[in-house]
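Coordinates in review
Take a look at the letters that make up each chain.
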Amino acid sequence: MDFYASDAFLTGLARDFYRAKSTELKTYALQGSTAHVRLAEINGKRVIHTGPFYDYVKPLGNGGPATAPDGTLKYLPKLVTSVIELPDEDPTSVVPQTPLDPAPLVMWGKFETWEAYQALIRKRSRSLLRTQRQRLRKVTEQFGEPEFVFDNTDITAFNTCIEWKIQQYKGGHETLESAEAVAMLRRLFEDRHLILSTMKVADEYVGFHAGFIWHDEYLALIPAYSPAFAKHGIGKEMLLRVMKHSFDAGHKSFDFLQGAETYKWEFATHVQIIESHGTPPLINRLKTTAERTVKQGLVSLSPELFYRVKRIVLEGRRVVASIRGAGKGPDKG
C-alpha cells in the first residue's frame, strides 16, 4: 500500500485539511475497471480524492482487499495507469502525451552501487556532476564545509522552509498559503511522516528539502533554497544528497511526484503515467474549462499580468480569511 492510500495521509487530509467531523477509510472499485483504490469518506457521504499534496491515486496491488469493495466510483481525477521504464539516453522519448503531468521516479533496484547510478546521470549530462563538484568546492573554500542533515526535527526550520517556498512563486503559492494545508503538513511532520532535510553554510540555513517517507519509498515534496546561494547550485546539491541518503537507506524508490520539470528527467529511471478515469461531473468540467481558458488568455497576453492577477486574488482570499478568523472571537462560554 502506497503513502497516498495510507491511514496516515488519508486521515490527515480528512482531519486537518477538510476538517471532517467523521472519517472512514474504504476500498472502492472503479467502474469499467478491475482496479480497486483506497480513499477516505468524510462526514458519512463525501469521498475525497483531491486535496493538497495529493498527487495521484494508485490502484491497490496484489495485496489488496480479499473482501468486496465498499462501493464503486465512476470518476477519479488522477489515477496511475502504468509505469514505464525510461531509456538511459533521451528519457522523454518514450513518454506519451497526456493531459496530466506524469510522475517521474528512480527505482533503486536497478543499481548495485551509488556510483552505478552516477554513471547514468553522466550519460544524460556530461557536465552536471562535474559542475556540482566545482560549485561545492567554491562554497567550501569561501564559507566552509556545508552541514547537511537528512532528518531535521526543528519546527523553526519547517516554518522557514514553507516561507521560502512561498516566496519562490511569482504569483503566490495557493497550497502553502492555505492554513488548513499547512496544518496538515505540520501534523505529518510532527508525526514523522514528512522528513525535512536541511543544509547550513556558515551556520545559516541555505537549503531545504521536505519529503514523505513511507516504508521503503521516498516522495520528494518541497525543495526550497536561499536565493543568495542559487548561483552555487544549492538546490541541486541538496537533491543529490537526499537521493544518496535514500539509496543508502535501502529505499525501493525515489518519487519526484507529479510534474514534468526538466531536472526530473535528468535523474529518473521510470515514469508513472497519470490519467483521469471516467467522466467528471458536469460542474467540474465547466469549472476546469473556465479556469483553463482564463489562465491561457492571461498568460498569452503577459505572464507578468497573470502573476499580478494571481497575487491580487490570493491577497483577497487572505483578507477574507483574516476577517472570518477575527469574527469568530473568543468563546463566550
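Predicted model only: the values in this text are computed from it and were never measured. (Residues numbered from 1 in each chain as written. Predicted model: local features only at pLDDT ≥ 70, side-chain atom pairs only at ≥ 80, totals over all residues. Heavy atoms only, no water.)

Considerations on the environment of F143
This is how the line gets drawn: Starting at the N terminus, helices and strands are each numbered in turn, a helix being any DSSP run of H or I of at least four residues and a strand any DSSP run of E of at least two. Throughout, a residue-residue contact means that at least one pair of heavy atoms, one from each residue, lies within 4.5 Å.
Considering the arrangement of structural elements, one finds F143 in helix α3 (residues 128-143). Residues F143 and D203, spaced 60 residues apart in sequence, show a C-alpha to C-alpha distance of 9.6 Å. Once residues lying within four places of it in the same chain are set aside, the contact partners of F143 are V201, A202, F229 and H232.

Some details on the packing of α3 against helix α6 (residues 234-248)
Inclusion rule: Axis geometry follows a simple rule: fit a line to the C-alpha atoms, using only the stretch in contact for helices, then measure angles between N-to-C directions, giving values from 0 to 180 degrees. In what follows, roughly perpendicular refers to angles from 65 to 115 degrees, roughly parallel to angles under 35, roughly antiparallel to angles over 145, and oblique to any angle outside these ranges. Gly falls in the polar group here, along with every residue not listed as nonpolar (Ala, Val, Leu, Ile, Met, Phe, Trp, Tyr, Cys, Pro) or charged (Asp, Glu, Lys, Arg).
Axis separation between α3 and α6 bottoms out at 10 Å; the angle between their running directions is 110 degrees. It follows from the interaxial angle that α3 and α6 lie roughly perpendicular. On α6, the residues that touch L128, L129, Q132 and L136 of α3 are K236, E237, L240 and R241. Looking at the contact of α3 with α6 residue by residue, the class counts come to 4 nonpolar, 1 polar and 3 charged.

Regarding the sheet that holds strand β5 (residues 76-85)
Put simply, the rule is: DSSP-based pairing: two strands are paired if at least 2 bridges between them are found.
The 8 strands are arranged β5-β12-β6-β11-β10-β9-β8-β7 in an open sheet whose pairing can be described as mixed. Only two strands of the sheet have a single neighbouring strand rather than two, namely β5 and β7 (147-149). The mean angle between the axes of side-by-side strands here comes to 25 degrees, regardless of whether they run parallel or antiparallel. For strand β8 (residues 194-201) and strand β9 (residues 204-214), the ladder comprises 8 bridges, and the chain directions are antiparallel. The residue of β9 that forms the bridge with T198 is F208. Of the strands in this sheet, β8, β9 and β10 (217-225) are in contact with helix α4 (residues 155-168), which crosses β10 at around 70 degrees.

Some thoughts on the packing of aromatic side chains
Rule in force here: Whether two aromatic rings pair depends on their centres lying within 6.5 Å, for rings of Phe, Tyr and Trp, where Trp uses its six-membered ring; planes under 30 degrees apart make the pair stacked, over 60 edge-to-face, and the rest tilted. Burial here depends on accessible area, computed with a 1.4 Å probe over protein chains only, as a share of the maximum for the residue type. Under 20% is buried, over 50% is exposed, and the range in between is partly exposed.
Here the structure, examined in full by the defined rule, presents 25 aromatic pairs. On the numbers, 6.1 Å between centres and 55 degrees between planes, the contact of W114 with F247 is tilted. Linking W114 in helix α2 (residues 114-124) with F247 in helix α6, this pair joins segments that are 133 residues apart in sequence. Here the two residues W114 and F247 agree in accessibility, since each one is buried. Aromatic side chains F254 and F256 sit 5.3 Å apart centroid to centroid with 65 degrees between the ring planes, which places their arrangement in the edge-to-face category. With relative accessibility at 0%, the residue F254 sits in the buried group.

Considering the side chain of S226
Turning to its location among the elements, S226 is positioned in the loop between β10 and α6. Setting aside its immediate chain neighbours within four residues, S226 contacts W164 and V206.

Quick word on the packing of α2 against α3
Relative orientation of the contacting elements α2 and α3 amounts to 105 degrees, with a least axis distance of 8 Å. Taken together, α2 and α3 sit at an angle that is classed as roughly perpendicular. From α2, Q118, I121 and R122 reach across to α3, where they touch L128, L129 and R133. Among the residues forming the contact of α2 with α3, the class breakdown is 3 nonpolar, 1 polar and 2 charged.

Quick look at the pairing of strand β1 (residues 23-30)
Note that β1 and strand β2 (residues 36-42) share 7 bridges and pair antiparallel. Paired with E24 across the bridge in β2 is E41. The hairpin turn running from β1 into β2, its antiparallel successor, is 5 residues long, and G32 in that turn takes a positive phi close to 80 degrees.

A few points about empty space enclosed by the protein
Keep this limit in mind: Cavities and pockets were defined on a 1 Å grid built over protein atoms only: a cavity is a set of grid points that admits a 1.4 Å probe from which the probe cannot escape, a pocket is an open set flanked by protein on both sides within 12 Å along at least five of seven lines, and lining residues are those with an atom within 4 Å of any such point. Grid points are joined across faces, edges and corners, and a volume is the space filled by probe spheres set on the points.
Tallied over the entire structure, the rule returns 1 cavity of 30 Å³ or more. Considering only enclosed or pocket space, the largest cavity measures out at about 40 Å³ in volume. Lining the largest cavity we find R135, L136, V139, P146, M199, H232, I234 and E237. When contributions to the lining of the largest cavity are tallied by element, the ones reaching two or more residues are α3 and α6. With 3 residues, the top contributor of residues to the lining of the largest cavity is α3. Looking at the lining of the largest cavity residue by residue, the classes come out as 5 nonpolar, 1 polar and 2 charged.

Shape is all these values report; function is a separate question.
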